[in-house]
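Reading the structure
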Amino acid sequence: MERLKKAADQTKIAINLPPKWINKYGDFITKNAGAVGQVEGALRSLTYIIPGRFRESEIASESLNSGVQLLSLYHDNLLSGAQAHSPQRKPQTPHNRYTGFYTRKSALYRRTAVSLQVVQFT
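Each residue is numbered by its place in its chain's sequence as written, counting from 1. pLDDT decides what is reported in this predicted model: residues at 70 or higher carry local features, side-chain atom pairs at 80 or more are listed and counted, and totals for whole chains, interfaces and linings draw on all residues regardless. To obtain the side-chain values, all non-hydrogen atoms of the structure were included, while hydrogens and water were left out.

1. Some remarks on the overall build of the protein chain
Which entries qualify depends on this criterion: Helix numbers and strand numbers start at the N terminus; a helix is a DSSP run of H or I with at least 4 residues, a strand a run of E with at least 2. Surface exposure here means Shrake-Rupley accessible area, sampled with a 1.4 Å probe, where a residue is shielded only by the protein chains that are shown.
Looking only at helices and strands, the protein chain features five helices and zero strands. The order of helices and strands in the protein chain, counted from the N terminus, is α-α-α-α-α. Accessible surface computed for the protein chain: about 10,200 Å², of which carbon and sulfur atoms make up 60%.

Next up, the structure:
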């Protein structure tokens, strides 16, 4: 019985770890946005180099490009969330206010917009 209790406690600890890691990753991205942008740019540049270096490397290049684009989409989402909670907000354009309003108010609009971005990037 004691071993079962110990296993259950370890399972609870293991289940709680990924959200902590995700929160730490989000904090890292918001604190180091400039460096992360440079790394993303370097990876995008790498996608232009790969096809010329290796034979039959189109799949690798396209996979890397899609992965970098999706990671950038996630980073943009993290940064926009951090900016929304920031006390120093920059003035927005009318288009950004319009899309931001519908993104907050309509779950269907938000899902459709993210789905279209994922399709565009992959």
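Additional details are given in the paragraphs that follow.
2. Looking at a nonpolar patch on the surface
Using the following cut-off: Patch membership requires over 30% relative accessible area and the absence of a salt bridge. Like charges are linked within 9 Å, and nonpolar side chains (Val, Leu, Ile, Met, Phe, Trp, Tyr) within 5 Å. Salt bridges are counted wherever a side-chain nitrogen of Lys or Arg sits within 4 Å of a carboxyl oxygen of Asp or Glu.
On the surface, V39, L43, L46, Y48 and I49 cluster together to form a nonpolar patch covering roughly 490 Å² of accessible area. Along the chain, L46 falls in helix α2 (residues 33–53).

3. Description of the packing of aromatic side chains
To keep things clear, this is the line we draw: Each pair of aromatic rings taken from Phe, Tyr and Trp, with Trp reduced to its six-membered ring, is defined by centres within 6.5 Å and is described as stacked if the planes are under 30 degrees apart, edge-to-face if over 60, and tilted in the remaining cases.
This structure, assessed with the given rule, holds four aromatic pairs. Arranged with centres 5.1 Å apart and planes meeting at 65°, the rings of Y98 and Y102 form a pair that is edge-to-face. Of this pair, Y98 and Y102 both sit in helix α4 (residues 94–105), four residues apart, which is roughly one turn of the helix. Between F101 and Y102, the aromatic rings sit 5.2 Å apart at their centres with planes inclined by 80°, giving edge-to-face as the arrangement.

4. Examining the packing of α4 against helix α5 (residues 107–121)
For the record, the criterion: Convention adopted: a line fitted to C-alpha atoms gives each axis, helices being fitted over their contacting stretch, and angles between N-to-C directions are expressed from 0 to 180 degrees. The scheme is simple: roughly parallel for angles under 35 degrees, roughly antiparallel for over 145, roughly perpendicular for 65 to 115, oblique for anything else. Here, two residues are considered to be in contact whenever any of their heavy atoms come within 4.5 Å of each other. Each residue receives one of three labels: charged for Asp, Glu, Lys and Arg, nonpolar for Ala, Val, Leu, Ile, Met, Phe, Trp, Tyr, Cys and Pro, and polar for the others, Gly being one of them.
Where α4 contacts α5, the two axes come as close as 5 Å, and the packing angle between them is 115°. Taken as axis vectors, α4 and α5 run roughly perpendicular relative to one another. Contact residues: T99, Y102, T103, R104 and K105 in α4; A107, Y109 and R110 in α5. For the contact of α4 with α5, the residue count by class is three nonpolar, two polar and three charged.

5. Structural notes on the confidence of the model for the protein chain
In plain terms, the rule: What pLDDT expresses is the predictor's confidence in each residue, scored from 0 to 100.
Scored by pLDDT, the protein chain has a mean of 80; 88% of the residues are at 70 or more. The secondary-structure element of the protein chain with the lowest mean pLDDT is helix α1 (residues 2–31), recorded at 77, while α5 shows the highest, at 87.

6. Observations concerning the side chain of Q69
Heads up, the condition is: Accessible area is worked out with a 1.4 Å probe on protein chains only. A residue is then buried under 20% of its type maximum, exposed over 50%, and partly exposed in between.
Relative to the helices and strands, Q69 resides in helix α3 (residues 58–84). Judged by relative accessible area, Q69 falls into the buried class, the value being 19%. Residues contacting Q69, with those up to four places away along its chain left out, are R44 and F121.

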